[in-house]
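Read off the chains here:
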Amino acid sequence: MRRRIDGGSSFERDYGYSRAVVQNGFVFVAGTTGYDYATMTMPEEAGAQAEACWRTIAGVLDQAGSSLEHVVRTTYYVTDRADAEAVLTVCGRVLREIRPAATLVVVAGLLRPEMKVEIEVTALLPKG
């Protein structure tokens, strides 16, 4: 059975994707940027954007019936190698005890120039 989780972003509707999909015991969370989707604002600094990403991801996982503690895989995309340390510091604090398999990729750019970081995760759906 497949269930979609919508995060309230206009991007989801406009670009035809779900914030997350729950299927076969997993929660697949789409790449998430640092927007506050209620106000459509984004902090300027990459570390603050990573913080915002994790707030959104945690909320989506909760909606799906999972949590950060069940994250098994992460991918971090940064647009500037110089921002990697700030992003990884935030990720390290959030995931210090969880320690999922992770990859960081430096990319030429994201959809909008203000986007400096994007994070996607895969989490387990706890049996209950």
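Remember, it's a predicted structure, so these values are computed and weren't measured experimentally.

A. Structural context of the nonpolar core. Membership of the largest hydrophobic core comes to 26 residues, with the highest contact counts inside it found for Val27, Val29, Trp54, Ile57, Leu61 and Ile119. Looking at this core, the elements with two or more residues in it are strand S2 (20-23), strand S3 (26-32), helix H2 (46-64), strand S4 (71-78), helix H3 (84-95) and strand S6 (117-124). Looking at this core, the element that brings in the most residues is H2, giving 8 residues. Dropping the residues within four chain positions of it, isoleucine 119 is found in contact with Ala30, Gly31, Thr32, Ala50, Cys53, Trp54, Ile57, Thr75, Tyr76 and Cys91. Among the nonpolar cores identified, the runner-up in size contains 5 residues, and Phe11, Tyr37, Met42 and Met115 belong to it.

B. View of the pattern of salt bridges. Within the structure shown, the criterion is met by 3 salt bridges. With a closest N to O distance of 3.4 Å, glutamate 12 and arginine 19 form a salt bridge. By the burial criterion, glutamate 12 is buried, and arginine 19 matches it. We note a salt bridge from glutamate 51 to arginine 93, for which the minimum N-O separation is 1.9 Å. One end of the pair, glutamate 51, is in helix H2; the other, arginine 93, is in helix H3, and 42 residues separate them in sequence. Given a relative accessible area of 26%, glutamate 51 falls into the partly exposed group. Judged by relative accessible area, which is 46%, arginine 93 ranks as partly exposed.

Procedures and definitions
- Residues numbered from 1 in each chain as written.
- Predicted model: local features only at pLDDT ≥ 70, side-chain atom pairs only at ≥ 80, totals over all residues.
- Heavy atoms only, no water.
- Core = buried A, V, L, I, M, F, W, Y, C linked by side-chain atoms within 4.5 Å.
- Buried < 20%, exposed > 50% of the residue type's maximum accessible area, 1.4 Å probe, protein only.
- Helix = DSSP H or I, 4+ residues; strand = E, 2+ residues; numbered from the N terminus.
- Contact = heavy atoms within 4.5 Å.
- Salt bridge = Lys/Arg side-chain N within 4 Å of Asp/Glu carboxyl O.

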